Amino acid sequence: MEKNSFATSTYIAASPERVFEYLCGLKNLDEWTLFSRMIKQIDQDTWLGTASGYQKNLYYHVKKLENELFYGIEWHCGFEYNNYFQVYPVLLFPPHYIDPETDETGVYFHWLSFVDPKRQTPMIMQGIHTVHTSETRSLKAILERQGGRSTAAKGRYFIDTDTIYVDAPVDMGIDYLSDLEKMDEWAHLLRLTKQINSQSGEFKDEYEQKVKISLRPHKLSKYHLLEQEYFYPDYGFYQRSVALLIPTAYAFADPEASGFILHRITFWHTDQLLAHGKLQIEDFGAESMNIKRMLEAQAGNMQSFDLGMSYIPKSHK
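Residues numbered from 1 in each chain as written. Predicted model: local features only at pLDDT ≥ 70, side-chain atom pairs only at ≥ 80, totals over all residues. Heavy atoms only, no water.

J.: Would you mind showing me how to read the overall build of the protein here?
T.: Tallying secondary structure elements over the protein gives eight helices and 14 strands in all. What you see for the protein is a C-alpha radius of gyration of 20 Å, in line with the 20 Å of a compact globule of 317 residues. With respect to the three principal axes, the spread of C-alpha positions in the protein is 60 × 50 × 30 Å. With 317 residues in all, the protein has 54% of them scored as buried. (Helix = DSSP H or I, 4+ residues; strand = E, 2+ residues; numbered from the N terminus. Rg over C-alpha atoms; globule rule 2.2 N^0.38 Å. Buried < 20%, exposed > 50% of the residue type's maximum accessible area, 1.4 Å probe, protein only.)

The following block contains the structure:
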């Protein structure tokens, strides 16, 4: 996994609109975070406040992600106003996005964090799992309590992720991953049998079962989002996953950083063993390594693959 990135998720029994509204209010960080306390409002979307991971105050800025798929925001942080070096994308998946036929309500909260290798401290990286996981638990409790609940709600799904650094231009990445013929090259458990158009077609899986696959790219903030949908017509089984392709220069606020972060978001039933489609997160991870290897070779970066799954600044190599 990419070691400069961290993701955490939870199900929240509150409407997507309510969760989005609450997250857009930076003053609400006072309620659910470990030690992000807003001290002074700078403008409508920016506050100066304390921080859990740094020994000095941070400027906090919130940006709404405009898209037709689901609600989303980005938090930006930095030591100077309008000069932010940390970006935290947050996506809010309604249950019907995961399964169009579901009757489940609420929302699946997904929080992705990037910490620039040039600025990170050992304490921040050693503590980020504990802090962000506990803060997510706090956020869930506050919103569910406000909705009248006295215990934690359990969702029907959980989110798992696979993240890898790819040392190739992000535009090359989105072109490659949204081309169905190329999928036949990097998806080792699938074999293309009939192409319907450039972004949808029929495949055979590892058990020679028919699966219809569609790919849909979207622009999202400074990066790309790619939807992947699998449908097994003989079984009525549907599986969706999402891939984010985020330029490394944007993720770590470093214009010298090449390539992009490939972050794959997957949804799994909490109490059901799957018989079709991807059966484990390692199936996605193996594909991601294939993608990295092929794109870096295409970009002429033949030594990058040997350096591992994580982004390394040029000054650290």
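J.: Can you help me understand the sheet that holds strand 4 (residues 58–64) in this one?
T.: Within a sheet, each strand pairs with its neighbour through backbone hydrogen bonds, oriented either parallel or antiparallel. With respect to topology, seven strands assemble into an open sheet ordered 1-7-6-5-4-3-2, the strand pairing being antiparallel. Unpaired on one side and paired on the other, strand 1 (5–12) and strand 2 (38–43) mark the two borders of the sheet. The average undirected angle you get between the axes of adjacent strands in this sheet is 20°. Bridging between strand 4 and strand 5 (residues 71–78) involves six bridges; their strand directions are antiparallel. Each bridged residue has a counterpart across the sheet, and for valine 62 the counterpart in strand 5 is tryptophan 75. Along the sheet face, helix 1 (residues 16–24) touches strand 1, strand 4, strand 5, strand 6 (86–93) and strand 7 (107–114) and points at about 15° away from the line of strand 5. With respect to the sheet, helix 4 (residues 122–146) is in contact with strand 1, strand 6 and strand 7, its orientation differing from that of strand 1 by roughly 20°. (Pairing = 2+ DSSP bridges. Axes fitted to C-alpha atoms, helices over the stretch in contact; angles between N-to-C directions. Contact = heavy atoms within 4.5 Å.)

J.: Is there a simple way to explain the nonpolar core in this structure?
T.: For soluble globular proteins, the rule of thumb is that nonpolar side chains tend to be buried together. Leu23, Trp32 and Trp75 are the most contacted members of the largest nonpolar core, which totals 34 residues. Excluding anything up to four places from it in sequence, leucine 23 contacts Trp32, Val62, Ile73, Trp75, Val90, Leu92, Phe109 and Leu139. Core analysis: the second largest hydrophobic core is formed by 31 residues, Ile174, Met183, Tyr230 and Ile281 among them. (Core = buried A, V, L, I, M, F, W, Y, C linked by side-chain atoms within 4.5 Å.)

J.: How should the sheet that holds strand 12 (residues 223–232) be read in this particular structure?
T.: An order of 8-14-13-12-11-10-9 is seen for the seven strands of this open sheet, with the pairing classed as antiparallel. Edge positions in the sheet fall to strand 8 (157–166) and strand 9 (191–197), since each has one partner strand and no second. Between one strand and the next, the sheet's axes are offset by a mean angle of 20°, whatever the strand orientation. In this sheet, strand 14 (residues 260–269) lies alongside strand 8 in antiparallel orientation, the contact comprising 10 bridges. Among the inter-strand pairings, tyrosine 157 is bridged to a residue of strand 14, identified as histidine 269.

J.: Sorry, what's going on with helix 8 (residues 281–298) here?
T.: Given 3.6 residues to a turn, an α-helix orients residues that are three or four positions apart in the same direction. In a regular helix each residue adds 1.5 Å, so 18 residues correspond to 26 Å; helix 8 covers 26 Å between its end C-alpha atoms and thus fits that length. The complete set of buried residues in helix 8 reads Ile281, Asp283, Phe284, Gly285, Glu287, Ser288, Asn290, Ile291, Lys292, Met294, Leu295 and Glu296. Contact partners of the buried residues in helix 8: strand 8, helix 5 (170–177), helix 6 (180–186), strand 12, strand 13 (237–247) and strand 14. Just beyond helix 8, the residue with positive phi is glycine 300, at close to 85°. (Expected span 1.5 Å × (residues − 1).)

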